[in-house]
Amino acid sequence: MATITPAPVLVHTSPSVSTALRSPRILTREVLAGLVVGLALIPEAISFSIIAGVDPKVGLFAAFVMAVTTAVLGGRPAMISGATGAVALVIAPVMRTHGFDYLIATVILGGVFQLILGAVGAAKLMRFVPRSVMTGFVNALGILLFVAQIPNLIGVPWLVWPLVAAGIAIIVLFPRLTKAIPAPLVAIVAVTLVTVLAAIDIPTVGDQGSLPDTLPTFFLPHVPLTLATLTTIAPYAAAMAVVGLLESLMTAKLVDEITDTGSRKTREALAQGTANILSGFTGGMGGCAMIGQTMINVRASGARTRISTFMAGIFLLILVVVLGHVVAIIPMAALAAVMIMVSVGTFNWHSVKPSTLKRMPAGETVVMVLTVIIVVATDNLAIGVIVGVIAAMVVFARRVSHFANVSRSIEATDTGEQHALYTVQGELFFASSNDLTTQFDYVDDPDLVIIDMSGSHIWDASTVAALDAIETKYQARGKRVDIQGLNDESLAFHGRLAGNLGAGH
């Protein structure tokens, strides 16, 4: 007999902060990655501020606080958090209807809800997100990142196109020379220099909105502390908490896969809640993990530690407050080039190859495609993931519903009395046991029916109810049923519920 030796468990770890601080090469990579992300955060934060209906500084300050706080407290090193479109869409109605103070109160309460969700272990539910949904999530993300750049490419001067192409070429080719400096940073600097030196008039970061010239300060929302206020903001705060956590934890899981390292999801959930509370008290609009900027940090720039996340927040603040006049001249074409390459690198091209689709089960492909369609249609990653998980559950239930098999034979006892022997094989739960009652011959079976359950397991009350219904149908015809072979767990479960679930039909 061949001896099977278990494979060794390999645990991959990212460089620690202390390791990075002792290594000039790693430290340089992390700091420069933070600079690239800090630059990319600015137009995004301004855009999301516009979506929420607030001043650009509200989104910029939120990005700074979220990035720095999660860098220190978060459970996923190198993940970037800041003001996001998903959160902006959720809280925008509060701003329109009730004003800025209520919006900030909503952000703070949303952070409190996230702390509660983190404390009760909601982050552990991420283990139930199947790979097909994760693949759909990643592909939809790649599509959304590309679509988000279309406004920067349409209705603009023709010179934008060659500049974007030049930026893409730099990002592709520069790593062949050296990886010491992130290619996206080189592309941003090069395209900016060309634009400034040639006096090319194209859209810039400054055109997206005004940049603040002061540091964030403590802000206390002036709202009445009444039940009416709570009932007004609580639904939006709860939605913000769920959407923000879901997007953050999905991003953390994606980074886990890219870097082959683990993360502490509960710690990240608590950090997100803390960051949103601090963001609110500094006049920020809150947020969650930023998938596009995280991909810039991890994929494009190769960052792996908290230093990059922390420096992204610090650079963001310095750039907008101290060097705002310099940042304002950066052409949007440079940032568009970076984001286009990030979208291409994010999309899982292997998942849509004909050879892959041919091998994959149809149900898995349907779940992946459905997740992509919902995310792209709603422009909301959280909704797409929820729908994808539900679809995956349906596919799984349909698949395992066919795992339970029933075979019938007529046998004779030592006394010559005949009995029907039904052998049940497989896992029995609501999906597989629903049609269990249809697999018995109630009319023609002898007076004694033996059901052998030694090859099956009872998982829920639906199965017990099905067995009750089978017994009831036989008893109505004056026949006796003997259920045999239940394992200890199934026997205890059946004994506790049998006959107590109502009449079987």
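Report on the accompanying structure. (Residues numbered from 1 in each chain as written. Predicted model: local features only at pLDDT ≥ 70, side-chain atom pairs only at ≥ 80, totals over all residues. Heavy atoms only, no water.)

Structural notes on the environment of Gly 284
Consideration 1: Inspection of the secondary structure puts Gly 284 in the loop between α10 (265-281) and β2 (288-289).
Consideration 2: Separated by 230 residues in sequence, Gly 284 and Val 54 have C-alpha atoms that sit 9.7 Å apart.
Consideration 3: Setting aside residues up to four positions removed in sequence, Gly 284 forms contacts with Val 58, Ala 62, Ile 104, Val 107 and Ser 279. (Helix = DSSP H or I, 4+ residues; strand = E, 2+ residues; numbered from the N terminus. Contact = heavy atoms within 4.5 Å.)

What about the packing of aromatic side chains?
Consideration 1: Scanning all chains against the criterion turns up 8 aromatic pairs.
Consideration 2: Both rings, one in Phe 218 and one in Phe 281, keep their centres 5.8 Å apart while their planes meet at 10°; by these two values the pair is stacked. One end of the pair, Phe 218, is in the loop between α8 (183-197) and α9 (227-259); the other, Phe 281, is in helix α10, with 63 residues separating them in the sequence.
Consideration 3: Geometrically, the ring pair formed by Tyr 422 and Phe 440 is tilted, given 4.3 Å between the ring centres and 40° between the ring planes. Placement of the pair is Tyr 422 in strand β4 (residues 418-428) and Phe 440 in the loop between α18 (430-433) and β5 (448-458), with a sequence separation of 18 residues. (Phe/Tyr/Trp six-rings, centres within 6.5 Å; stacked < 30°, edge-to-face > 60°.)

Focus on unusual backbone geometry
Consideration 1: We note that Ala 78 has phi near 75°; this positive angle belongs to a residue other than glycine.
Consideration 2: Relative to the helices and strands, Ala 78 is located in the loop between α3 (56-73) and β1 (81-82).
Consideration 3: On the basis of relative accessible area, Ala 78 is assigned to the buried category, the value being 2%.
Consideration 4: Backbone geometry at Asp 260 places phi at a positive 55°, although glycine is not the residue there.
Consideration 5: With respect to the element layout, Asp 260 can be found in the loop between α9 and α10.
Consideration 6: According to the relative accessible area criterion, Asp 260 is partly exposed, its value standing at 49%. (Buried < 20%, exposed > 50% of the residue type's maximum accessible area, 1.4 Å probe, protein only.)

Details of the packing of helix α6 (residues 131-147) against helix α14 (residues 332-346)
Consideration 1: Where α6 contacts α14, the two axes come as close as 8 Å, and the packing angle between them is 160°. When the axis of α6 is compared with that of α14, the two are roughly antiparallel. Two packed elements cross with a definite hand, and for α6 against α14 that hand is left-handed. Contact residues: Val 138, Leu 141, Gly 142, Leu 145 and Phe 146 in α6; Met 339, Ile 340, Val 342, Ser 343 and Thr 346 in α14.
Consideration 2: Each residue belonging to the contact of α6 with α14 can be placed in one class, and the counts come to 7 nonpolar, 3 polar and no charged. (Axes fitted to C-alpha atoms, helices over the stretch in contact; angles between N-to-C directions. Parallel < 35°, antiparallel > 145°, perpendicular 65-115°, else oblique. Left-handed = near helix turned anticlockwise from the far one by under 90°. Nonpolar A, V, L, I, M, F, W, Y, C, P; charged D, E, K, R; others polar.)

Digging into a nonpolar patch on the surface
Consideration 1: Among the surface-exposed residues, Val 196, Ile 318, Val 322, Leu 323, Val 326 and Ile 329 lie close enough to one another that they form a single nonpolar patch of about 450 Å² accessible area.
Consideration 2: By the element assignment, Ile 318 lies in helix α12 (residues 306-321). (Patch = residues over 30% accessible without salt bridge, like charges linked within 9 Å, V, L, I, M, F, W, Y side chains within 5 Å. Areas by Shrake-Rupley, 256 points an atom, 1.4 Å probe, with all protein chains shown as cover. Salt bridge = Lys/Arg side-chain N within 4 Å of Asp/Glu carboxyl O.)

A few points about the pattern of salt bridges
Consideration 1: Counted according to the given criterion, the structure contains 5 salt bridges.
Consideration 2: The shortest N-O distance in the salt bridge between Glu 257 and Arg 131 comes to 3.5 Å. Note that Glu 257 is positioned in helix α9 and Arg 131 in helix α6, a separation of 126 residues in sequence.
Consideration 3: Judged by its relative accessible area of 35%, Glu 257 is partly exposed.
Consideration 4: Between Arg 408 and Asp 445 there is a salt bridge, with its nearest N and O atoms 2.7 Å apart. In this pair, Arg 408 is assigned in strand β3 (residues 405-412) and Asp 445 in the loop between α18 and β5, connecting sequence segments 37 residues apart.
Consideration 5: A relative accessible area of 41% places Arg 408 in the partly exposed class.
Consideration 6: Counted as one network, the salt bridges with shared partners bring together Arg 76, Asp 256 and Lys 265.

Notes on the side chain of His 419
Consideration 1: Looking at the element boundaries, His 419 is found in strand β4.
Consideration 2: Sequence-distant contacts of His 419, defined by excluding residues within four places in its chain, comprise Ser 409, Ile 410, Glu 411, Ala 412, Thr 413, Pro 446, Leu 448 and Ile 450.

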